[in-house]
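# Architecture and fold: a report
Spelled out from the first residue to the last, the chains are:
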Amino acid sequence: MPYRVYDHWAGRPLVFPTAPKPGEGLSDLLLRACSENGFLRVFEVGMLWGNNAHQQTIAPWITSFNAPNLSLVASVLGQDEAEIAPLWYGERNNTINFFDRQIRRKHLIRSRRVSPSSFKKAPYQKAIWHLAPLTFDPQTLEMLLDECPVCKQKIGWQRTLGICFCENCVDPENPHVSKTDFRDFPQPKVSAGLASNLRYVTDLIDPEVPAAALRALHPELQALGRGEVFELAVEVGRLIDQESSPPDTARPHKGGPVTPQALGDAGRALSNWPDGFYEVGERLRNNWFFRRKAGGPLWHPIRQVLQDSFFSAEIKVVVADALKGSLATTISEHSRGRLRAVPLPLEHLNKVARMSEAILEESAISGLPVPALLGCYLRNGFLCPDPHFAGLSNKGIPLIGMFEDLPLCRTAEVRMSLRDAVHLYFHGKGDPWPEVMAALRDGKLSATRIKGEDAYIDRLFVDDFQSWSGQLKTLRPGRDAEHIGLTVEERAFYLNCHSSCVATTMQIGALSRTATLAELQRFRRENITIKEIVLGRLASGEKLNLKYEGIALNRAGILPRHPAVHFRSRRAVERYYREKRARTSELDIDAISGLKEKLLKRNQIKLSPHQAKVAYLLNAGWRSREIAASMGVPLARVKNAERAIFKNCEVRSRDELVSFLVPYLRRKARSRTQ
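Residues numbered from 1 in each chain as written. Predicted model: local features only at pLDDT ≥ 70, side-chain atom pairs only at ≥ 80, totals over all residues. Heavy atoms only, no water.

## Examining the overall build of the protein chain
In terms of regular secondary structure, the protein chain is built from 33 helices and eleven strands. Of the contacts made within the protein chain by residues no fewer than 6 positions apart, 65% connect residues no fewer than 24 positions apart. Carbon together with sulfur atoms contributes 50% to the accessible area of the protein chain, which is approximately 31,700 Å² in total. (Helix = DSSP H or I, 4+ residues; strand = E, 2+ residues; numbered from the N terminus. Contact = heavy atoms within 4.5 Å. Areas by Shrake-Rupley, 256 points an atom, 1.4 Å probe, with all protein chains shown as cover.)

So this is what it looks like as C-alpha cells:
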C-alpha cells in the first residue's frame, strides 16, 4: 500500500482501542495494538502515529531515544495521553526512565523475550522481560524464551501473528497463522531457595509491584534511588559470575544477562546490609586485580565497577563504608565451617543463616521463617541441611521429612489451618513455632496435610481444637529470638496476614520499619483482625461471614487503622462482641421453639429454625440489619427469610405478621428497647 494512503489516515484511531495493562511498556502496548487490529507488519500501523518509513520496528531500544508524538499515539490507540506518557522510557545521558526508576539504557535488548507461563495467565508481554540482566519472569520465576523453540530464530518486533505466537513459523496454507504457540513450551523455573532474594532485586524496578508491597531498604540505602540499588545488585551479580572465569583486567562489566544464582546472591547481600554485603565482598577478594592507576594500590572489584558515571557519589561512599565492616569479618570467618569452635550469638547467627542457600531453600519449602528454623535446629533437635552449620544440630530428623510423615486428608474434611490455629490460641511471648514443630514430631499434637505445591506450613490443618487450645495457651517458648531482625514476609507470617498489609502498616507509622518479634506481639495485643474473630467462632462451631462482619464493625464506628489494612482496635472490637452476645442471650429460645411447633401443628406452616428466629425478632420490633448483625449472617439471608415467612404466613407486612403471631406466642418477646 503506498505511503500516501497512510498520510491520509494518519492520526485516525484504530478499530479496536488498546488500553495499557499492568507491566506493559510503550513498545509492548504498540505491538499488542498491531496484533489485535490485524496488522501483520508493525511499521504499517506505526505510520498512523507518524513513524518514519525507514523505522520499521518499535523495539524498546528505538522508542527509548526517538521521542514519539505521544498525543498522536494516544489518539491512535484510543486512550488518554496521561495513560500513555508513563510508558515511554525516554533517554538522557544513556539513562532511561523505566517506570520512574532510573536505569541504564544498555539493558534494553533488541529482540523480544517471553514467558510461556505468564502468557497462560494473561496474553500480553511485559516491559521487564526485555531488560538484559534478568533472564526470568519476576512473577512466575520462569526462565524467559528469547528464541522460538521450533525454528530456533530470535523473536522479533517487525512482524506479529499474535503476541503468543512465533512470527517465523508460518502455516504454508495460511501465511497469517502461526504454527508455534509459545504457551505450549513451558520453561524451567528458578530454585525456590532463590525466590525471596531475586524478588528483592526485581521488586526495585518491577512496575507490577505496588509501592506498599516494596520491602523497606536499609537506612543506609534509603537515600539512594531504587534504580541505583538495582544497578548495584546487577554489577555484584556479574562479578560473582566472573569468579570462575579468567580475570578481565580491562572492564569487569560487559553488559548482558546475569545468572539467577549470582543475582540471588547479590539480592541476599543487599537484603542483609551491611553484613551480607561484606560477606560477598570477602567472597570476591581474589578478584582484586583492578588498579586505580598505573603502579597504584589494588582496588576492590565492587568499588571499581562503581566508577561508572551512572553511579552517584553517595553510593560510592556507602559501599566503601560497608566493605570496611568489622562485624561481618567475624561472620565471614564462622560461615566457613567454624561455627562449632566459637558459637555466635543468635542475632549474628541469624545473619549467617540468611547467607546459606540450603537453609533458605528449606525455609521456602517448609514455609517457616529463618528465625523459626534456627529454633528448630538449636533447641528441638531437627537436622540442619547446611553442612557448615553442623554444629547446630548433627542428629535428629529433617524437618521436611517430618512434614512428609503427617497423614493426608481431603480438603473437605479440613476445618482450620495450622497457621490459623497457632495465631488464634497462642498469645504469649516468644516464638512458638519451634515447640509446635517438636510437638508434631513427638505426637503430642495432631495435624493432617493436603496435597499441593504450596509451602508445607500452608497445607497443614487441625481438627482437634480443644487439644491445640490447651497446649498453645500454656506454651512457654524460649524468648531468645524476640529481638532479631525480621523481613517483611516474616513479619507477615507472625501476624498471619499478607506482606502488603504489613508494608502499608509500616508506611502509616503503626509499625516500625525495624519491628522485631517482641514488637509484633505487642502490636497484636492492641490490634485484631476480622479473620481472628471468625476463626474463634469457627472453633466453637459457628460460621461467620468475613465480609459482613467487617461491614457491621464499620457501621458500629470501629474502623481499620487505615483503609488498606485490616487491623482494628482489639479493645473496641471485643467490647462490641460482648455487647452483641449479651443482646443475643436475651432471646427466649423456648418461645422461638414453641412458635415453630405451634405454627406447624395448628396451620401446617413449616418454618426452619433460622426463619422462626427471624419471625420472633420481627415480632419484637427488630430491624433487618439488627437481626443480621445479631445472628452474624449476611443481610441478604435475613431478607430471604422474611420473604419466606410472609409467603408461608400469607401476610404482606410486618404489622400483619405481628397480628398473626399473637396467638402463637406464650408471651410477647422482649422488646429491643427494653
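From this point on, the discussion continues.
## Examining unusual backbone geometry
A cis amide bond links tryptophan 273 to the next residue, proline 274, at an omega of 0°. If you trace the backbone, proline 274 turns up in the loop between α11 (260-271) and α12 (275-283). Its identity is not glycine, yet aspartate 100 carries a phi of approximately 70°, on the positive side. Taking relative accessible area as the criterion, aspartate 100 reaches 70% and is therefore assigned exposed. One non-glycine residue, lysine 152, lies in the positive phi region at around 65°. Tracing the chain through its elements places lysine 152 in the loop between α7 (116-121) and β3 (170-171). (Buried < 20%, exposed > 50% of the residue type's maximum accessible area, 1.4 Å probe, protein only.)

## Describing the sheet that holds strand β8 (residues 448-449)
In space, the three strands of this open sheet follow the order β7-β9-β8, with antiparallel pairing throughout. Strands with a single pairing partner mark the edges of an open sheet, and in this sheet they are β7 (416-417) and β8. Looking at chain direction, β8 and strand β9 (residues 460-462) are connected through two bridges and run antiparallel. Bridging across to β9, arginine 449 finds its partner in leucine 460. (Pairing = 2+ DSSP bridges.)

## What about the nonpolar core?
Within soluble globular proteins, side chains that are nonpolar tend to cluster in buried spots. Counting 81 residues, the largest nonpolar core has Phe98, Ile205, Leu232, Trp273, Phe277 and Val319 as the members making the most contacts within it. With eight residues, the single largest contributor to this core is helix α10 (residues 226-241). Contact partners of isoleucine 205, with chain neighbours within four places excluded, come to Phe98, Arg101, Ile103, Ile128, Leu131, Leu134, Gly227 and Phe230. Within the second largest apolar cluster, 61 residues are counted, among which are Leu368, Leu424, Trp468 and Tyr494. (Core = buried A, V, L, I, M, F, W, Y, C linked by side-chain atoms within 4.5 Å.)

## Thoughts on helix α21 (residues 433-442)
For α21, a buried count of eight out of ten residues is recorded, marking the element as mostly surrounded by other parts of the structure. Among all positions in α21, only Trp433, Pro434, Glu435, Val436, Met437, Ala438, Ala439 and Leu440 are buried. For α21, the secondary structure elements touched by its buried residues are α18 (370-379), α19 (399-405), α20 (418-425), α22 (465-473) and α23 (488-495).

## Concerning the pattern of salt bridges
For the structure shown, the criterion picks out 21 salt bridges. The salt bridge partner of glutamate 235 is arginine 238, with a shortest N-O separation of 3.4 Å. Of this pair, glutamate 235 and arginine 238 are both found in helix α10, three residues apart, which corresponds to roughly one turn of the helix. Classification of glutamate 235 as buried rests on a relative accessible area of 1%. Where aspartate 265 meets arginine 268, a salt bridge forms, and the shortest distance between an N and an O atom there is 3.0 Å. Remark: arginine 268 and aspartate 265 occur in helix α11; sequence separation between them is three residues, near one turn of the helix. Arginine 268 matches aspartate 265 in its accessibility class, with the two residues each being buried. Because the salt bridges share partners, they merge into one network encompassing Arg104, Glu231, Glu235, Arg238 and Asp308. (Salt bridge = Lys/Arg side-chain N within 4 Å of Asp/Glu carboxyl O.)

## Some thoughts on the pairing of strand β4 (residues 174-178)
Looking at chain direction, β3 and β4 are connected through two bridges and run antiparallel. Of the residues in β4, the one forming a bridge with valine 170 is serine 178. The turn linking β3 back onto β4 is made up of two residues.

## Here we look at the environment of cysteine 384
Its location among the elements puts cysteine 384 in the loop between α18 and α19. Of the residues examined, cysteine 384 reaches a relative accessible area of 8% and is grouped as buried.

## Topic: the packing of helix α8 (residues 195-202) against α11
Each pair of packed helices gets described by two things: the angle between the helix axes and the distance between those axes. Direction vectors running N to C along α8 and α11 enclose 75°, while the axes themselves pass 7 Å from each other. One element, α8, and the other, α11, form an angle in the roughly perpendicular class. Between α8 and α11, the residues in contact are Asn197, Leu198, Tyr200 and Val201 and Pro260, Leu263, Gly264, Gly267, Arg268, Leu270 and Ser271, respectively. (Axes fitted to C-alpha atoms, helices over the stretch in contact; angles between N-to-C directions. Parallel < 35°, antiparallel > 145°, perpendicular 65-115°, else oblique.)

## Concerning the packing of aromatic side chains
Considering all chains together, one arrives at eleven aromatic pairs under this definition. Both rings, one in tryptophan 273 and one in phenylalanine 277, keep their centres 4.7 Å apart while their planes meet at 40°; by these two values the pair is tilted. Of the two residues, tryptophan 273 and phenylalanine 277, neither departs from the other in class, the shared state being buried. Ring geometry for phenylalanine 523 against phenylalanine 567: centres 5.0 Å apart, planes inclined by 80°, an arrangement best described as edge-to-face. With phenylalanine 523 in helix α25 (residues 517-526) and phenylalanine 567 in the loop between α27 (546-555) and β11 (568-569), this pair connects stretches of sequence that are 44 residues apart. Exposure class is identical for phenylalanine 523 and phenylalanine 567. Each is buried. In this structure an aromatic cluster arises from ring pairing among Tyr89, Phe98 and Phe99. Positioned above the aromatic ring of tyrosine 456 is the side chain of arginine 459, whose terminal nitrogen or guanidinium carbon lies 4.5 Å from the ring centre. (Phe/Tyr/Trp six-rings, centres within 6.5 Å; stacked < 30°, edge-to-face > 60°. Lys NZ or Arg CZ within 6 Å of the ring centre and 35° of its normal.)

## Some thoughts on the pairing of strand β1 (residues 95-98)
Of the strand pairs in this sheet, β1 and strand β2 (residues 101-104) are connected by four bridges, and their pairing is antiparallel. Residue threonine 95 lies in a different strand from β2, and its bridge partner there is arginine 104. Remark: two residues form the turn of the hairpin made by β1 and β2, two consecutive strands paired antiparallel; phenylalanine 99 in that turn has positive phi of roughly 50°.

## So, the environment of glutamate 597
Tracing the backbone shows glutamate 597 in helix α29 (residues 589-603). You can call glutamate 597 exposed: its relative accessible area is 53%. Between the C-alpha atoms of glutamate 597 and leucine 607, which are ten residues apart in sequence, the distance is 8.9 Å.

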